[in-house]
Amino acid sequence: MAVYTSLSDSDMRALVADYSLGELVSFQGISGGVENTNYFVNTTTGKYVLTLFEEFEFEEVPYFLDVVAHLQEKGFNVPAALVDSQGERLRMVNERPAIIVDCFSGQELASTNANTCREMGDVLAKLHLAGEDFPTQRESHRGIAWWHETSRLLESELESEQFSLLSTQIAQFDTFIAQHGDLPKATIHGDLFYNNTLFNGEKLSAIIDFYNACHTWVMYDLAIVVNDWCSDRATGELDMEKYQALLTAYTAQRVPSVAEQEAWPYMLRIAALRFWLSRLEAWHGAKDDPERLAQQHDPKEFQRILEARVRHTPALMV
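These numbers come from a predicted model, not from an experiment. (Residues numbered from 1 in each chain as written. Predicted model: local features only at pLDDT ≥ 70, side-chain atom pairs only at ≥ 80, totals over all residues. Heavy atoms only, no water.)

Q: For the side chain of His-180, give the residues involved together with the corresponding values.
A: Tracing the chain through its elements places His-180 in the loop between α5 (160–178) and β6 (185–188). Given a relative accessible area of 18%, His-180 falls into the buried group. At 2.8 Å, the side chain of His-180 and the backbone oxygen of Phe-176 are in polar contact. (Helix = DSSP H or I, 4+ residues; strand = E, 2+ residues; numbered from the N terminus. Buried < 20%, exposed > 50% of the residue type's maximum accessible area, 1.4 Å probe, protein only. Polar contact = N/O pair within 3.5 Å; in protein donor to acceptor, adjacent residues only side chain to side chain.)

Shown next, in the form of structure tokens:
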């Protein structure tokens, strides 16, 4: 279970009381996440989620809360932070920045299909359009500089073929993006895997976990979604029915420019590399801690996806 900061019953009761959420009924750590500590909190007034930020310091968190508030104002069902009795949405809990949000209806998908991909494509395009006028432009904390530094630090841990794949793809992307600096950007989600959504049946009910949000290329975010929602995990290859469903719905709402279409192969590859690299970093960082290692996602999943994109990338406009 990914609970890095433990809270006692008395801790939780005091916190719930300060948010005027009624009486605490129960709470439970949430498994699945690897970056933050999350709890389900049940009270006499409803069900909530408590998040304690393990990677960010207090002053870094308001950006992400502002992104969510902006999208909520635009009509998206996203988890905006609740305000405590002092009028604050962010506070310290056991020495970590923390927020409480409403727990939305719906379930995580066990897997995707053409219908859920179509739904995601439609909403993602609208999300990108809504992110165009968010005023704060924060770069990704796992962007180009991080790719270079982390791959260099991991070189001694990797097989030569793995490091060669990483370094070659980063170099190719560097060359491409240096010549195409005017690609459209917006504030994006940055981690919109299907386990960061909730569905009622095949209808999207909420988008959660905006803690990789940043201002960057719109096509990069689309590539992140396609790689996760449309890939065969065993082979890394794209499921073309899902791919076509997602992109047809997306392009009906937002038509990519010619430059974005040309960038598409590079974006798919670098998006796969980014998550392969973050999983490698987490995996090797936890290798001496069996309990934490068991919580990590398998890096090879995204290595296979990257290798598949190197072999072939279909056209963006389907």
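Q: A description of the packing of helix α4 (residues 144–154) against helix α8 (residues 258–285) should follow, citing residues and the corresponding values.
A: Between α4 and α8, the least distance of the axes is 10 Å, while the angle of their chain directions is 45°. Here α8 runs oblique to α4, going by the angle between their axes. The element α4 and its partner α8 pack so that their crossing is left-handed. Contacts between α4 and α8 pair Trp-146, Trp-147, Thr-150, Ser-151 and Leu-154 from the former with Ile-270, Leu-273, Arg-274, Leu-277, Ser-278, Leu-280, Glu-281 and His-284 from the latter. Along the lines of polarity and charge, the residues of the contact of α4 with α8 split into seven nonpolar, four polar and two charged. (Axes fitted to C-alpha atoms, helices over the stretch in contact; angles between N-to-C directions. Parallel < 35°, antiparallel > 145°, perpendicular 65-115°, else oblique. Left-handed = near helix turned anticlockwise from the far one by under 90°. Contact = heavy atoms within 4.5 Å. Nonpolar A, V, L, I, M, F, W, Y, C, P; charged D, E, K, R; others polar.)

Q: Break down empty space enclosed by the protein for me, with residues and values.
A: Scanning the model with the defined rule gives two cavities of 30 Å³ or more in all. The computed volume of the largest cavity comes to approximately 50 Å³. Residue lining of the largest cavity: Val-67, His-70, Leu-71, Leu-127, Gly-131, Thr-187, Ile-188, His-189 and Phe-210, and that is the complete set. Those elements that provide at least two residues to the lining of the largest cavity are α2 (61–73) and β6. Broken down by element, the lining of the largest cavity gets its largest block of residues, three residues, from α2. In the lining of the largest cavity, the residues fall into five nonpolar, four polar and no charged. Approximately 40 Å³ is the volume attributed to the second largest cavity. If you go around the second largest cavity, the residues you meet are Ser-140, Arg-142, Gly-190, Asn-212, Cys-214, Tyr-220 and Arg-274. Broken down by class, the residue content of the lining of the second largest cavity amounts to two nonpolar, three polar and two charged. (1 Å grid on protein atoms, 1.4 Å probe; cavity = no way out; pocket = protein on both sides within 12 Å on 5 of 7 lines; lining within 4 Å. Points joined across faces, edges and corners; volume = space filled by probe spheres on them.)

Distances and angles like these do not, on their own, reveal function.
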